[in-house]
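Structure assessment
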Amino acid sequence: MNAQGSSDTTATGAAAPAGWWSLLREDARCVLTRDPAARSLIEVWTIYPGLQAIALHRLAHALWTRGWRYLPRWLSFVSRALTQIDIHPGARIGARFFIDHGTGVVIGETAEIGDDVTLYHGVTLGGTSWRAGKRHPTLGHQVVVGAGAKILGPIKVGDGARVAANSVVIEAVPAGATVVGIPGRVVAPARRTTHGFDLEHHLIPDPVGKAIACLLDRVAQLERSLAHSQGLASADNACGVCDDQCAEPGFATAKPHLQPATVE
């Protein structure tokens, strides 16, 4: 993948890479497909910073691959000033790349991004080493990365994977998996979608919340067992008086003797 197409391998008989303008037209059309707020190509071309940033990047990357250094970095600097999106000219980006909203996106020099990838604002594809060489992540095709997520190091994110908002991913992600948390953990296997892109972020599991709920349920069971073994009628008073109310009323029945904390 490079700025002129989604593939470098011409020696193996693959098709020649697409031109800058044809790639840019695909980038613009994919915005209409993935963003319901986009109503026309004129709107997309003129007021979508993600498209403007990728247009300048594809130009800068073409110069970078031809041996230029200062001018591509200067174009990247201008693009960052205009769009608040920082893409190193050395990054290799495939076709139909969409950055939604865009503010705060950072893509490092050795990052590689497949076709049909969607990034939201605040995403970082960063490195974990000061040494030269491959130090940024590789994203497969049709990957979706939620707002504020950080993918760090020379790791691979498989095709069709989803990274939840604000996750920190430091290990490889299997194709089609869903990653949540800090550090990111796979919480759901591959799942089918009828829309091509799985943007249902509200259906991403919460492993921390689930673990806490399981612990609270276990504590309630132990309290009931203890109360029964000691011949007590109820374990409702086992907790005593605390200085806060439960954030999840569903974990236990409300106790009238518990009072909300006093704020001074």
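As the structure is a prediction and not an experimental result, all values here were calculated from the model. (Residues numbered from 1 in each chain as written. Predicted model: local features only at pLDDT ≥ 70, side-chain atom pairs only at ≥ 80, totals over all residues. Heavy atoms only, no water.)

**Re the confidence of the model for the protein chain**
What counts is decided by this rule: Known as pLDDT, the predictor's confidence for each residue is given on a scale from 0 to 100. By the convention used here, residues are in contact when the closest approach between their heavy atoms is within 4.5 Å.
Per-residue confidence for the protein chain gives a mean pLDDT of 80; residues scoring 70 or more make up 72%. Long-range and interchain partners of residues 1-16, a stretch whose pLDDT sits below 50, account for 37 contacts in this model, where long-range means more than four residues apart.

**Quick word on helix α3 (residues 49-65)**
Using the following cut-off: For the purposes of this entry, the term helix denotes a DSSP run of H or I that reaches at least four residues, the term strand denotes a run of E that reaches at least two, and both are numbered from the N terminus. One fewer than the residue count of a helix, multiplied by 1.5 Å, yields its expected span. Burial status follows relative accessibility: with a 1.4 Å probe on protein chains alone, a residue under 20% of its type maximum counts as buried, one over 50% as exposed, and anything between as partly exposed.
With 17 residues, α3 extends 24 Å from end C-alpha to end C-alpha; this agrees with the ideal 24 Å at 1.5 Å per step. With twelve of 17 residues buried, α3 is to be regarded as a mostly interior element. Every buried residue belonging to α3 is among G50, L51, A53, I54, A55, H57, R58, A60, H61, A62, L63 and W64, and all of these are buried. Packed against the buried residues of α3 are α1 (20-34), α2 (41-47), α4 (70-83), β1 (86-87), β2 (92-93) and β3 (98-99).

**Points about the environment of E26**
When you line up the elements, E26 lands in helix α1. We classify E26 as partly exposed; its relative accessible area is 24%. When the C-alpha atoms of E26 and R96 are compared, they prove to be 5.4 Å apart, with 70 residues separating the residues in sequence. Residues in contact with E26, not counting those within four places in the same chain, are A95 and R96.

**Focus on the packing of α3 against α4**
Just so we agree on the cut-off: All axes here are fitted lines through C-alpha atoms, helices being fitted over the stretch that makes contact, and every angle between N-to-C directions spans 0 to 180 degrees. Any angle that is under 35 degrees is reported as roughly parallel, and any over 145 degrees as roughly antiparallel; angles of 65 to 115 degrees are reported as roughly perpendicular and all others as oblique. Amino acids are sorted into nonpolar (Ala, Val, Leu, Ile, Met, Phe, Trp, Tyr, Cys and Pro), charged (Asp, Glu, Lys and Arg) and polar (every other residue, Gly among them).
Direction vectors running N to C along α3 and α4 enclose 175 degrees, while the axes themselves pass 8 Å from each other. Taken as axis vectors, α3 and α4 run roughly antiparallel relative to one another. Residues P49, Q52, A53, L56, L59, A60, L63 and W64 of α3 lie in contact with α4, whose contacting residues are L71, P72, R73, L75, S79 and T83. In terms of residue class, the contact of α3 with α4 is made up of ten nonpolar, three polar and one charged.

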